[in-house]
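Understanding the architecture of this molecule
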Amino acid sequence: MSPRHIDARLPWACAVLVVALTLCRPVASEKGLVKPGNCPRHVLPSSRCVWNQTDECVSDAECSGVAKCCSTGCAKFCVMPLYTACEQQLKFSLRRSRALTGEAARRVRIPDCTPDGQFRPVQCDPVKEICWCVDDNGFERAGTRARSLELTNCSRQDDCASVNCPHVGPYSFS
């Protein structure tokens, strides 16, 4: 194996390791352990609480496994966390890359998420050495692929770069 191949893999391997450590490890805060994921957003106003409930937990550290300590508005309970689309795709991609070996593991695309769990506007594939722009749901925006991050232009979207262009009829004419 040439040094060029080893150097090309090193940034990818480091990126996977950093992402895995960031997403999979609990974070310490002034309140104690904070586990990854989000609490459900449905919170009742205290006036709607039917009976006086006591808190099951105070912090995530008191919840077993991956469960988080979340408030219902009436009390705090240990519940399964919710993940954004980017976080779900990231967890799936990391699990898949760990299950594969060699070149197949390297080819698993790892999404790039912001700290609050949203897709970064530009995603890159270090193996294919291309970058592209994505929408809020992580879908590629047509006509935005480029050979590097610096060349990617998200304002230069081509409306008809996709196979199913809405402006072109079934026989490639409008």
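Here, every reference points to the structure presented above.
Residues numbered from 1 in each chain as written. Predicted model: local features only at pLDDT ≥ 70, side-chain atom pairs only at ≥ 80, totals over all residues. Heavy atoms only, no water.

Some remarks on the overall build of the protein chain
How we decide: Runs of E in the DSSP output that reach at least two residues are strands. Runs of H or I that reach at least four are helices, and both are numbered from the N terminus. Only heavy atoms matter for contacts: two residues are in contact if any of them lie within 4.5 Å across the pair. Note on areas: these come from Shrake-Rupley sampling with a 1.4 Å probe, and a residue is covered only by the protein chains present in the view.
Helices and strands together make up the secondary structure of the protein chain, namely three helices and six strands. For the protein chain, the sequential pattern of α-helices and β-strands runs α-β-β-β-β-α-α-β-β. Long-range contacts, defined here as pairs at least 24 residues apart, represent 35% of the contacts in the protein chain between residues at least 6 apart. Here the protein chain displays about 12,100 Å² of accessible surface, and carbon together with sulfur accounts for 57% of that area.

Quick look at the pattern of salt bridges
For the record, the criterion: Take a side-chain nitrogen of Lys or Arg and a carboxyl oxygen of Asp or Glu: if they are within 4 Å of each other, that pair is a salt bridge. Categorising residues by exposure relies on relative accessible area from a 1.4 Å probe, with only protein chains included: less than 20% of the type maximum marks a residue as buried, more than 50% marks it as exposed, and the intermediate range marks it as partly exposed.
In the structure shown here, the tally under the stated rule is five salt bridges. Here Lys68 ties to Asp60 by a salt bridge, and the two come within 2.9 Å at their closest N and O atoms. Across the pair, exposure class does not vary: Lys68 and Asp60 are buried alike. Close ionic contact of Arg145 with Glu140 constitutes a salt bridge, the shortest N to O distance being 2.8 Å. Members of the salt-bridge network, linked through shared partners, are Glu103, Arg106 and Arg107.

Describing unusual backbone geometry
Glycine aside, negative phi is the norm for most residues, and most peptide bonds take the trans geometry. Positive phi is not limited to glycine here, since Glu129 has a value of about 55°. Mapped onto the elements of the fold, Glu129 is located in the loop between β5 (122-125) and β6 (130-133).

Digging into the state of the cysteines
The bond known as a disulfide is covalent and runs between the sulfur atoms of two cysteines. Rules: Two cysteine sulfur atoms make up a disulfide if the distance between them is within 2.5 Å.
Taken as a whole, this structure holds seven disulfides when the rule is applied. The side chain of Cys57 participates in a disulfide bridge whose partner is Cys69; the two sulfur atoms lie 2.1 Å from each other. Residues Cys57 and Cys69 share a disulfide whose torsion about the S-S bond is about 95°; that sign makes it right-handed. Taken together, the residues span a long stretch of sequence, with Cys57 in the loop between β2 (32-34) and β3 (68-71) and Cys69 in strand β3 at a distance of 12 residues. Taken as a pair, Cys57 and Cys69 share a single burial class, namely buried. A disulfide bridge connects Cys124 with Cys131, and the sulfur atoms are separated by 2.0 Å. Here the S-S torsion is close to 105°, and the disulfide linking Cys124 with Cys131 is therefore right-handed.

Quick word on the nonpolar core
As a reminder of what qualifies: Remark: nonpolar core denotes a set of buried residues (Ala, Val, Leu, Ile, Met, Phe, Trp, Tyr, Cys) joined through side-chain atoms within 4.5 Å.
If you look at the biggest cluster of nonpolar residues, it comprises 10 residues: Cys86, Leu90, Leu94, Val108, Ile110, Cys113, Phe119, Ile130, Trp132 and Val134. With three residues, helix α2 (residues 85-99) is the largest single contributor of residues to this core. Apart from residues no more than four positions distant in its own chain, Val134 is found in contact with Phe119, Arg120, Pro121, Gln123, Phe139, Glu140 and Arg141.

Some remarks on the packing of aromatic side chains
Selection rule: Stacked, tilted and edge-to-face are the three classes assigned to paired rings of Phe, Tyr and Trp, where Trp is represented by its six-membered ring and a pair needs centres within 6.5 Å; plane angles under 30 degrees give stacked, over 60 edge-to-face, the rest tilted. Charge-over-ring contacts are defined here by two conditions on Lys NZ or Arg CZ: a distance within 6 Å of the ring centre and an angle within 35 degrees of the ring normal.
Tallied over the entire structure, the rule returns zero aromatic pairs. The ring of Trp132 has Arg145 sitting right over it, with the charged end atom 5.3 Å from the ring centre.

Overview of the pairing of β6
What counts here: Paired strands are those between which DSSP finds at least two bridges.
Alternating residues of β6 divide into Ile130 and Trp132 and Cys131 and Cys133, and every residue in both groups is buried. As judged from the four bridges shared by β5 and β6, these two strands associate in the antiparallel manner. Along β6, the bridge assignment pairs Cys124 with Cys131.

Some points on α2
The criterion, for reference: To estimate the expected span of a helix, count its residues, drop one, and scale the result by 1.5 Å. Note that the arc is defined by the directions from the helix axis to the C-beta atoms.
For α2, built from 15 residues, the straight-helix expectation of 21 Å at 1.5 Å per residue is met to within 8% by its first-to-last C-alpha distance of 21 Å. Listing the buried residues of α2 in full gives Cys86, Glu87, Leu90, Ser93, Leu94 and Ser97. Burial along α2 is one-sided: seen end-on, the buried residues are contained in an arc of 125°.

Thoughts on the environment of Phe119
If you trace the backbone, Phe119 turns up in the loop between α3 (102-106) and β5. Overall, the relative accessible area of 9% leaves Phe119 in the buried class. Taking the C-alpha atoms as reference points, Phe119 and Asp136, 17 residues apart in sequence, are found 6.5 Å from one another. Once residues within four sequence positions are removed from consideration, Phe119 is found in contact with Ala85, Cys86, Gln89, Pro111, Asp112, Thr114, Val134, Asp135, Asp136, Asn137 and Gly138.

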